[in-house]
Amino acid sequence: MRFVYPEGKSKALTFSYDDGQIHDRKLVEILNRHGLKGTFHLNSGTLAQDRDHDVFLAADEVAELFAGHEVAVHGVQHRNLPSLSGNQVVNEILEDRRALEKLCGGMVQGMSYAFGNYSEEVMGILGKLGIKYSRTVISTNGFFPPADFLAWHPTCHHNGGLAELGQKFLAAPGYVELPLMYVWGHSFEFAGNGDWNVIEEFAEMMGGREDIWFATNLEICDYIRATRSLESSSDGLTLKNPTAISVWIRKEQGQELLEIHPGECVYIGER
């Protein structure tokens, strides 16, 4: 058997954009138009008080703008976490979580590291603050899920050969289990470089494909963690899902697709 993404989709694609500048408005419009989903990491302390601000998004537009996507932590003041004391790290993250949850009306459990900087000490603190994952800026140029979600290395920055990597992702062989493409960046880079076509063309390439799960960072984190939590009998033929979300597998014999519901115990061998 092999794990697959929800409803049998063979691949997953996600986006991650930082800082909450006004150019996120255009990026969201592009993603929405093509049915794609992403995560937007915001510094609540830099959000503007009104929508006429010339750089940052206004606090009162966050919930509406990012509906259907994910809002996540980037630090209340975008401070360099490894240089802070433990108490300062806690304040930088918890203040951002609280402010963003108040704006969006739901739990905020994801994060990206300001400046891409992190340490073992910082990672140890995050796990105690309700943060499930945090993205780095270290590109893998590959399509494997992370070993540690608190040091989640993306596939690439959008200026890192996006179209070429996208073609490789689409051609990922079937024996690769749970292939994932993770694109990150800042929307102001498109505006500053005058190259919105980079993301427009990539979104058009990916949008509408039936074999790809378009998901937020948190949705992917939760799903892959659920697959890793699956329990099995000693012969591997009985599986139990102890998590709160369904896990999907494809049985090797006959390529049968099977959904294992929360709390369900199933026999996957031939009777």
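Residues numbered from 1 in each chain as written. Predicted model: local features only at pLDDT ≥ 70, side-chain atom pairs only at ≥ 80, totals over all residues. Heavy atoms only, no water.

Caption draft 1: Local environment of the layout of surface pockets. Taken as a whole, the largest pocket spans an internal volume of roughly 260 Å³. Along its surface, the largest pocket is lined by 17 residues, and Arg2, Val4, Ser10, Gly174 and Val176 are the ones closest to its centre. With 3 residues, the single largest contributor to the lining of the largest pocket is strand β1 (residues 2-4). Here the residues of the lining of the largest pocket are counted per class, giving 7 nonpolar, 4 polar and 6 charged. There is about 170 Å³ of room inside the second largest pocket. (1 Å grid on protein atoms, 1.4 Å probe; cavity = no way out; pocket = protein on both sides within 12 Å on 5 of 7 lines; lining within 4 Å. Points joined across faces, edges and corners; volume = space filled by probe spheres on them. Helix = DSSP H or I, 4+ residues; strand = E, 2+ residues; numbered from the N terminus. Nonpolar A, V, L, I, M, F, W, Y, C, P; charged D, E, K, R; others polar.)

Caption draft 2: Quick peek at helix α5 (residues 162-170). Residues Leu162, Leu165, Gly166, Phe169 and Leu170 constitute the buried set of α5. Along the axis of α5, the buried positions cluster into a sector of 140°, meaning they face one direction only. Where the residues of α5 are buried, they touch β2 (11-18), β5 (156-157), β6 (180-185), α7 (196-206) and β7 (212-214). (Buried < 20%, exposed > 50% of the residue type's maximum accessible area, 1.4 Å probe, protein only. Arc of directions from axis to C-beta. Contact = heavy atoms within 4.5 Å.)

Caption draft 3: Examining the packing of aromatic side chains more closely. Inspection of every chain in the model, using the stated rule, returns 12 aromatic pairs. Summarising the aromatic geometry, the rings of Tyr5 and Trp213 are spaced 5.6 Å apart at their centres and angled 40° between planes, so their arrangement reads as tilted. Within this pair, whereas Tyr5 is found in the loop between β1 and β2, its partner Trp213 is found in strand β7, the two being separated by 208 residues in sequence. Of the two residues, Tyr5 and Trp213, neither departs from the other in class, the shared state being buried. Here Tyr5 and Tyr223 contribute two aromatic rings whose centre-to-centre distance is 5.9 Å and whose plane-to-plane angle is 40°, an arrangement assigned as tilted. Pair noted here: Tyr5 is in the loop between β1 and β2 and Tyr223 is in helix α8 (residues 217-229), with a separation of 218 residues, a long-range link. The rings of Tyr133, Phe149, Trp152 and Tyr182 are connected pair by pair, giving a single aromatic cluster. (Phe/Tyr/Trp six-rings, centres within 6.5 Å; stacked < 30°, edge-to-face > 60°.)

Caption draft 4: Just the sheet that holds strand β8 (residues 231-232), in detail. The strand order β8-β9-β12 describes an open sheet built from 3 strands, whose pairing is antiparallel. Strands with a single pairing partner mark the edges of an open sheet, and in this sheet they are β8 and β12 (265-267). Relative to strand β9 (residues 238-240), β8 is paired through 2 bridges, and the arrangement is antiparallel. Residue pairing in the sheet places Glu231 in a bridge with Lys240 of β9. (Pairing = 2+ DSSP bridges.)

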